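Breakdown of the fold
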Amino acid sequence: MSECLFCKIRDGEIPGDIVYENEYVLAFNDINPVAPIHILIIPKEHISTLNDLEKDHAQTMGEMFLAAKEIASKEGLSDSGYRTVFNCNEHGQQTVFHIHLHLIGGRQMTWPPG
Ligand code: 5GP
Ligand code: ZN
């Protein structure tokens, strides 16, 4: 059994508020949203950090961004805009070590990020 939080959500061992799923990816609402819409898109395959990406993951990574585009459209964010973020390791403030694409929208963002 996996010790990874997001693998547990993938496997249904802990509940996830799932909004999208296909062969490659799963997406669910963030438990602590930083905006009106905050969805996490994960690969079904466990990959700990962006540093662990291999050439073989290229399709999965592409599927993550295609899922982001589709979910953003469903949520009505396409025209107003949104942000997609991968955090990596300590300086990136990654806290869950199964890569995930944050899809954040529904309010004006600022730049640079904190
Ligand atoms: P990171 O800081 O690693 O980029 O983002 C981890 C994200 O996972 C955070 O936004 C956090 O709120 C979210 N998160 C942590 N635990 C859970 C959980 O059990 N369920 C869900 N849906 N999100 C979680
Ligand atoms: Zn995992």
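Below you will find a few notes about this structure. Fair warning: this is a prediction, and the values are worked out from it, not measured in the lab. (Residues numbered from 1 in each chain as written. Chains lettered and ligands numbered in written order. Predicted model: local features only at pLDDT ≥ 70, side-chain atom pairs only at ≥ 80, totals over all residues. Heavy atoms only, no water.)

1. Topic: the coordination of the zinc ion (ligand 2)
Each protein donor to the zinc ion (ligand 2) is listed here as Cys 4 (SG), Cys 7 (SG), His 46 (ND1) and His 98 (ND1); together their distances run 2.0 to 2.3 Å. One can describe the site at the zinc ion (ligand 2) as tetrahedral: its four donor atoms subtend angles covering 106 to 117 degrees at the metal. The exposure class assigned to Cys 7 is buried, which follows from its relative accessible area of 2%. (Donors = N, O, S within 2.8 Å, 3.2 Å for Na, K, Ca; no water. Tetrahedral: all angles 85-135°; square planar, octahedral: opposite > 155°, others 65-115°. Buried < 20%, exposed > 50% of the residue type's maximum accessible area, 1.4 Å probe, protein only.)

2. Quick word on the environment of Arg 107
Mapped onto the elements of the fold, Arg 107 is located in the segment after strand E5 (101-105). With 35 residues separating them in the primary sequence, Arg 107 and Ala 72 have C-alpha atoms 13 Å apart. Arg 107 has contacts with Val 34, Ala 35 and Pro 36, leaving out every residue within four places of it along the chain. Separated by 3.0 Å, the side chain of Arg 107 and the backbone oxygen of Val 34 make a polar contact. (Helix = DSSP H or I, 4+ residues; strand = E, 2+ residues; numbered from the N terminus. Contact = heavy atoms within 4.5 Å. Polar contact = N/O pair within 3.5 Å; in protein donor to acceptor, adjacent residues only side chain to side chain.)

3. Points about the side chain of His 100
With respect to the secondary-structure elements, His 100 resides in the loop between strand E4 (82-85) and E5. A polar atom in the side chain of His 100 sits 2.7 Å from the backbone oxygen of His 98. Setting aside residues up to four positions removed in sequence, His 100 forms contacts with Phe 6, Leu 40, Ile 41, Ile 42, Met 64, Val 85 and Phe 86.

4. Describing the site of ligand 1
Residues in contact with ligand 1 amount to 17 residues; listed here are only the nearest, Asp 30, Asn 87, Gln 93, Thr 95 and His 102. One nitrogen or oxygen atom from the side chain of His 100 is found 2.9 Å from an oxygen atom belonging to ligand 1. A total of 530 Å² of accessible area belongs to ligand 1 in isolation, and the protein chains cover 82% of it. Sorting the residues of the shell around ligand 1 by element identifies helix H1 (5-10), strand E2 (25-29) and strand E3 (37-43) as the ones contributing at least two each. Top element by residues in the shell around ligand 1 is H1. It accounts for three residues. (Near = heavy atom within 4 Å. Areas by Shrake-Rupley, 256 points an atom, 1.4 Å probe, with all protein chains shown as cover.)

5. So, unusual backbone geometry
Note that the residue after Trp 111, namely Pro 112, is joined by a cis bond; omega there is 5 degrees. Inspection of the secondary structure assignment puts Pro 112 in the segment after E5. In the Ramachandran plot, Asn 89 falls in the positive-phi region, its phi being about 60 degrees despite a non-glycine side chain. With respect to the helices, strands and loops of the structure, Asn 89 is situated in the loop between E4 and E5.

6. So, the sheet that holds E4
Strands sit in the order E1-E2-E3-E5-E4 across an open sheet of five strands; the sheet is antiparallel. Of all the strands in the sheet, just strand E1 (18-21) and E4 have a single pairing partner and so form its edges. Strand-to-strand, the axes of this sheet are offset by a mean angle of 20 degrees, without reference to chain direction. Inspection of the sheet shows E1 paired to E2 by three bridges, in the antiparallel sense. By the bridge assignment, Ile 18 is partnered in E2 with Phe 28. Where helix H2 (residues 58-74) meets the sheet, its contacts fall on E1, E2, E3, E4 and E5, and the angle it forms with E3 comes to roughly 155 degrees. (Pairing = 2+ DSSP bridges. Axes fitted to C-alpha atoms, helices over the stretch in contact; angles between N-to-C directions.)

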